Structure formats: C-alpha cells, structure tokens
Amino acid sequence: MKNITILKTEVLANFRYTLRKITYEATRADGNTSVQEREAYDRGNGATVLLYNKAQQTVVLIKQFRLPTLLNGNPGGMLIETCAGLLDKDNPEECIKREIEEETGYKIDEVKKVMEVYMSPGSVTEILYFFVAEYHKELKLYEGGGLEEENEDIEVMEIPFTEALEMVKTGEIKDAKTIMLIQYAEINGLMK
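Keep in mind the model is a prediction, meaning the values are calculated, not measured.

Thresholds applied
- Residues numbered from 1 in each chain as written.
- Predicted model: local features only at pLDDT ≥ 70, side-chain atom pairs only at ≥ 80, totals over all residues.
- Heavy atoms only, no water.
- Helix = DSSP H or I, 4+ residues; strand = E, 2+ residues; numbered from the N terminus.
- Buried < 20%, exposed > 50% of the residue type's maximum accessible area, 1.4 Å probe, protein only.
- Contact = heavy atoms within 4.5 Å.
- Pairing = 2+ DSSP bridges.
- Axes fitted to C-alpha atoms, helices over the stretch in contact; angles between N-to-C directions.

Caption draft 1: Structural detail: the overall build of the protein chain. When helices and strands are tallied, the protein chain shows 4 helices and 10 strands. Seen in sequence order, the protein chain has helices and strands lined up from the N terminus as β-β-β-β-β-α-β-β-α-β-β-β-α-α. If one aligns the C-alpha atoms of the protein chain with their principal axes, the spans along those axes are about 60 × 35 × 35 Å. Out of the 192 residues in the protein chain, the part that is buried amounts to 41%. If you take every contact in the protein chain between residues at least 6 apart in sequence, the share linking residues at least 24 apart comes to 56%.

Caption draft 2: Spotlight on the pairing of strand S2 (residues 18-27). Across 9 bridges, strand S1 (residues 2-14) lies against S2 in antiparallel orientation. Residue glutamate 10 lies in a different strand from S2, and its bridge partner there is lysine 21. Connecting the antiparallel pair S2 and strand S3 (residues 33-42) is a turn made up of 5 residues, with glycine 31 showing a positive phi of about 95 degrees.

Caption draft 3: Expanded view of the sheet that holds S1. Read from one edge of the open sheet, 3 strands run S1-S2-S3, paired in antiparallel fashion. The open sheet is flanked by S1 and S3, the only strands paired with a single partner. Across the sheet, the axes of successive neighbouring strands diverge by a mean angle of 20 degrees, strand direction being ignored.

Following this line, the structure appears as structure tokens:
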C-alpha cells in the first residue's frame, strides 16, 4: 500500500483511551485504489524494563491483575510481567524510572534502552520502549506495589533468572513484553 489518504476519522469511544474508526483511501501495488475502514485504539506510548542482578543471577518481575486476560481465558486474570507503564508525557527513560520506583520500590538511576516495538500494529497505535537495568539490594527504598490512587495492587517477585526462563518455556509467563526482555537477556548474555 502507498499513497494513503485519510478520508474520515470518527471517535467511537473515549473513556480511558481513544478508539477511532478511520476511513482511508490507499493505492495498492497493482495501481488500483481502494477505500478501507479500520479501527485504531490509541492508549499512548509506554515503556517496560527488565531489572536484573548479575551477581545474584536474579530478575525482578511483578504480578498483577489484567482484565483482558481474564476475559480471554486466563483464570483469575493475574499476569507475571516486567515493570511497565504509560509515558504520560514523560520521555521513555523518565517514565520507566518512575514506574520502577512505584511498582517495585527500587530507585534506579541508569537504564539502557534496547529496542522500541509496535506491540499490536494491526489495531493499537502504541510504541513500547524496552529497557534493561541492573538493580542491587541497597537501591530498594520500599516494598513497591504500585500507586493506591491508580488502584494498583502489584506483587513484586524476585526470582532466579533460570526460573524466569523456565516459566517462559512452561507458559507460566505469557506476557509478550516480558518474554521478549527475558529472551533479550538470554541472547545477549546479560547474566554472564
């Protein structure tokens, strides 16, 4: 497709995030044009991080309730994930440092960006920025668990990296961003 022309944008829902119906005209590879309609869900961009401790061979993950997973067959709706959050007009680095502290209780000053990804480009506009950061016990300020005003109830999990790899293999970890960061750590030898 090329020569995309937006003909009409209609807001279908705008509760927490915005769902739009887009009508556009596109030129196909054969030169013909067609008018198409698609829905696009805009929830803003986000950031995620894998916290790791090379000396201890551990990672910090979180467990929290995710309604869409409950609606799609995840009994109880609890999901094991890497720490993450929406940018909320911050740059990705500041966002993820804020989320690390809110969700895990660690104060991390240095994070390393490893990729940026469209996670579900067929229907969601979000770009997710991926980071890794090393943590140490002395950086723990408090227990974490998320913000009460955001109704977060997050369990912080410090587990051996080998266990996290096994949890991916067995399907206990089903979150795409978490799987991607654990695989990134393994492929790039972060724990060596």
